[in-house]
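Topology and contacts: notes
Here's the letter readout for the chains.
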Amino acid sequence: MDLRIFTEPQQGATYDTLLTVAKATEDLGFDAFFRSDHYLKMGSVDGLPGPTDAWITLAGLARETKRIRLGTLMTAGTFRLPGVLAIQVAQVDQMSGGRVELGLGAGWFEEEHKAYGIPFPKEKFARLEEQLEIVTGLWATEVGKTYDFHGAYYDLTDSPALPKPAQKKVPVLIGGHGATRTPRLAAKYADEFNIPFASVEDTERQFGRVRAAAEQAGRKAGDLTYSNALIVCVGRDDAEVARRAAAIGREVDELKLNGLAGSPAEVVDKIGRYAEVGSQRIYLQILDLDDLDHLELISSQVQTQLS
């Protein structure tokens, strides 16, 4: 079971804070550092000092880290033109020496679009399918050849399809709870399918849909990696769990029900339940980015039991 650290910087984080967490992620033996792609806070936090851009952040971290994978859960398709995104991701992959992964979603948070003047189209899912086709198509085009795409939303003519990523194939992540279109897109384009903040039962059901869609598309279901994103709140004792829950404005019982919370043994046990239904990788959502002792505890008392 791979454990990856997943951050939500729109809730309030500087680049320096993210760099500190990414370096701790690497030093403590976690597999990857991922971040959300949002420009507006959610909930009652003040969000200070303001948002950071996902791919600018990852470009910086690419030069400051050496081993960990770097990526997004999920880049919002509404934020970037697909041709531009293909260039950005390829460049950051080069800067990292081939450690980047692209999670790409349709975008959903209308308020952040209003706040920063970003168009919020109604037909987001159809656009996402074209975006996936374009980004992967540009990367797959042989050097010296050109790429054309003529769709309902995007039109590319004689693109040199450059630059190329350092990796031969940048892993693409697709995720969500949708019962039909999401599994179909994952089967066609994804190297990894991620379901965010889902119960064990819902995870098993959605993984089954994606596996079936992959088989229908002519792929082996096992060609994809299957993963979860879950909030984490671990403590050495009940008081420490309660303190960490209070620091992020959540209740312990709710966190135990909807995430990975409690003692290291409790969290290892619940991760095991996800593994039993096919989860191979967990993205641990860390909301208190100043609590590096939390990461150390997870590394020493949870991760060590899973490796």
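So, here's what we can say about the structure. (Residues numbered from 1 in each chain as written. Predicted model: local features only at pLDDT ≥ 70, side-chain atom pairs only at ≥ 80, totals over all residues. Heavy atoms only, no water.)

1. Considerations on helix H1 (residues 15-27)
- Along its 13 residues, H1 runs 18 Å from first to last C-alpha, staying within 8% of the 18 Å computed at 1.5 Å per residue.
- Backbone geometry just downstream of H1 places Gly-29 in the positive-phi region, at approximately 90°. (Helix = DSSP H or I, 4+ residues; strand = E, 2+ residues; numbered from the N terminus. Expected span 1.5 Å × (residues − 1).)

2. Focus on the pairing of strand E7 (residues 155-159)
- One ladder, built from 3 bridges, connects strand E6 (residues 147-150) with E7; its direction is antiparallel. Looking at E7, one finds that His-150 is bridged to Asp-155.
- The antiparallel hairpin formed by E6 and E7 contains 4 residues in its connecting segment. (Pairing = 2+ DSSP bridges.)

3. What to know about the packing of aromatic side chains
- Taken as a whole and judged by the stated rule, the model has 6 aromatic pairs.
- Taking the centre distance of 6.4 Å and the plane angle of 80° together, the rings of Phe-193 and Phe-207 count as edge-to-face. Of this pair, Phe-193 sits in strand E9 (residues 192-196) while Phe-207 sits in helix H7 (residues 200-216), placing them 14 residues apart in sequence.
- Note on Phe-207: relative accessible area 1%, which makes it buried.
- Members of the aromatic cluster, connected to one another through ring pairs, are Tyr-39, Phe-79 and Tyr-116.
- Above the face of the Phe-125 ring, Arg-181 is positioned so that its terminal group lies 4.2 Å from the ring centre.
- A cation sits over an aromatic face here: Arg-211 above Tyr-226, 4.3 Å from the ring centre. (Phe/Tyr/Trp six-rings, centres within 6.5 Å; stacked < 30°, edge-to-face > 60°. Buried < 20%, exposed > 50% of the residue type's maximum accessible area, 1.4 Å probe, protein only. Lys NZ or Arg CZ within 6 Å of the ring centre and 35° of its normal.)

Everything listed here is a matter of geometry and, on its own, says nothing about what the molecule does.
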